[in-house]
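# Commentary on secondary and tertiary structure
Okay, here's what each chain looks like letter by letter:
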Amino acid sequence: MGQSLPNKLIHELPNSSKDALLKKIAYLETTNKRLVQEHQSKDNHIASLERKLHKIGDAAEQRDWLLDELTKKITMIGEIRTDLLKRERLSAIGELSSRLAHDMRNPLSIILNTIDLIKMKHQDSLNPDVKNLFLMVDRATSRMAFQLDEVLNFVRSAPLEFEKKSLRDIITSSLYRIVIPDDIKIIKPTIDAEIDCDPRKLEAIFSNLVMNGIQAMNNQGTITIRIFDDEQHVTIEVEDEGPGIPEKLTKKIFDPLFTTKSRGTGLGLATVKNMVEQHSGHVHFRQNPTVFSITLPRIQHKQTVRIP
């Protein structure tokens, strides 16, 4: 085969020009190799920098994640600390309230029994004014007894005693525990359901909710109680015609010692929530109209005591 064109042209050059050209070619080849090596070195350096930047990015993301987690933990610790302080305060208040409630129940019982005896012995001779006075005393002492029960129900941690009971019977019994004003109408549920429960605890729940509605309506209006039954759960609603609670306060209504009323312990709804949760249930609140809704399981699977 013949020579390539560049080699042929080089071969035809004079010797002096040929040597100069070959040296130039050799220099260019050496320079090209050096440039290729430098370029490869720069590429390697750039790749190394990119890996380092990627690691820095990962480290920055991890730092941000750690800062976010740290902020959450600090917030959680603050909430736990606040909750512990609140529990300590409530524990001290609860112990004192329990002692006072126990001490007050005895003289209160004496007052109630004495009034009942006077009314029985002098029923025919009492004039209307005295009867009205006795009625006022009855209502006042009943309100005091109800508030004492609220305190004791909140601070006591007695185990539940489960038995199968009719909800309508429990609701009816709970209404006997409170004084219902003449201008208050109670509409009882039209259906019934049997559930596993501690009937004394449920009586306290319904008494609290009905009394809460009576006070919200200023002793005048209608309270409607409804029962919704399915295979696994029972829902009881207590609706009143009161003005409701300001939206900004609705998240606090189940907090202990919180109340919007001029009188009361602020423990009623907290006690309701506690007792409902003891029954593995849930309590919810909604407005327009004001409704407290309690959902309870029909059958209790974790029972501390069961009465046949």
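Residues numbered from 1 in each chain as written. Predicted model: local features only at pLDDT ≥ 70, side-chain atom pairs only at ≥ 80, totals over all residues. Heavy atoms only, no water.

### Here we look at the overall build of the protein
To keep it simple, the criterion reads: Strands are runs of DSSP state E lasting at least two residues, helices are runs of H or I lasting at least four, and both sets are numbered from the N terminus onward. Throughout, a residue-residue contact means that at least one pair of heavy atoms, one from each residue, lies within 4.5 Å. Using the Shrake-Rupley algorithm and a 1.4 Å probe, accessible areas are obtained, with residue cover drawn only from the displayed protein chains.
Along its length, the protein carries 6 helices and 8 strands. Traced from its N-terminal end to its C-terminal end, the protein shows the element sequence α-α-α-β-α-β-β-α-β-β-α-β-β-β. In the protein, the proportion of contacts linking residues at least 24 apart, taken out of those at least 6 apart, comes to 71%. Counting every atom, the protein has about 20900 Å² of accessible surface; 55% of that belongs to carbon and sulfur.

### Considerations on the packing of helix α5 (residues 199-216) against helix α6 (residues 268-278)
For the record, the criterion: Comment: axis = line fitted to C-alpha atoms, over the contacting stretch for helices; angle = value between 0 and 180 degrees taken between N-to-C directions. The crossing is said to be left-handed when, going from far helix to near helix, the turn is anticlockwise and less than a right angle, and right-handed when the turn is clockwise. Only Asp, Glu, Lys and Arg are considered charged in this grouping, and only Ala, Val, Leu, Ile, Met, Phe, Trp, Tyr, Cys and Pro are considered nonpolar; every other residue, Gly among them, is considered polar.
Relative to each other, α5 and α6 sit at 145 degrees, their axes nearing to 9 Å. In terms of crossing hand, the pair formed by α5 and α6 is left-handed. Within the contact between the two elements, α5 uses K201, A204, I205, N208, L209 and N212 and α6 uses G268, L269, V272, M275, V276 and Q278. Residue composition of the contact of α5 with α6, grouped by class: 7 nonpolar, 4 polar and 1 charged.

### Here we look at the nonpolar core
The line we're drawing: Definition of nonpolar core: a set of buried residues of the types Ala, Val, Leu, Ile, Met, Phe, Trp, Tyr and Cys, connected through side-chain atoms within 4.5 Å. Whether a residue is buried, partly exposed or exposed follows from its accessible area with a 1.4 Å probe, protein chains only, as a fraction of its type maximum: under 20%, in between, or over 50%, in that order.
Counting residues in hydrophobic clusters, the biggest one holds 38 residues, and the most contacted among them are L167, L202, I205, F206, I236 and I294. The residues touching I236, leaving out its near neighbours within four places in the chain, are L167, I171, F206, I225, R226, I227, F292, S293, I294 and L296.

### Let's talk about the packing of aromatic side chains
Rules: Aromatic contacts are taken between Phe, Tyr and Trp rings whose centres are within 6.5 Å, Trp giving its six-membered ring; a plane angle under 30 degrees counts as stacked, one over 60 as edge-to-face, and the others as tilted.
For the coordinates displayed, the defined rule picks out 1 aromatic pair. Considering the side-chain rings of F285 and F292, the 5.0 Å spacing of their centres and the 45 degrees angle between planes classify their relative orientation as tilted. The class of F292 is buried, set by a relative accessible area of 3%.

### Describing the confidence of the model for the protein
Detail in the predicted coordinates should be disregarded across regions flagged by low pLDDT. What counts here: A residue's pLDDT is simply how confident the predictor is in it, with values from 0 to 100.
Mean pLDDT for the protein: 79, with 79% of residues reaching 70 or above. The low-confidence segment residues 303-308, where pLDDT is below 50, has 14 contacts with residues more than four positions distant or belonging to other chains.

### So, the pairing of strand β4 (residues 221-229)
Remember that side chains alternate between the two faces of the sheet whenever the strand is regular. Counted only if it meets this: Pairing between two strands requires that DSSP report at least two bridges joining them.
Of the pairings in the sheet, the one linking strand β2 (residues 184-187) to β4 comprises 4 bridges and is parallel in character. Note on β4: the bridge partner recorded for I186 is I223. In this sheet, strand β5 (residues 233-240) lies alongside β4 in antiparallel orientation, the contact comprising 6 bridges. Pairing of T224 across the sheet is with E239, part of β5. Where β4 folds back onto β5 in an antiparallel hairpin, the turn is made up of 3 residues.

### Notes on α5
What counts is decided by this rule: In this analysis, the expected span of each helix is defined as 1.5 Å times one less than the number of residues it contains.
Here α5 contains 18 residues, and its C-alpha end-to-end distance of 25 Å stays within 8% of the 26 Å for a straight helix at 1.5 Å per residue. For α5, the tally of buried residues reaches 15 of 18 residues, placing the bulk of the element in the interior. Taken from the residues just after α5, N218 is the one with a positive phi, measuring 55 degrees.

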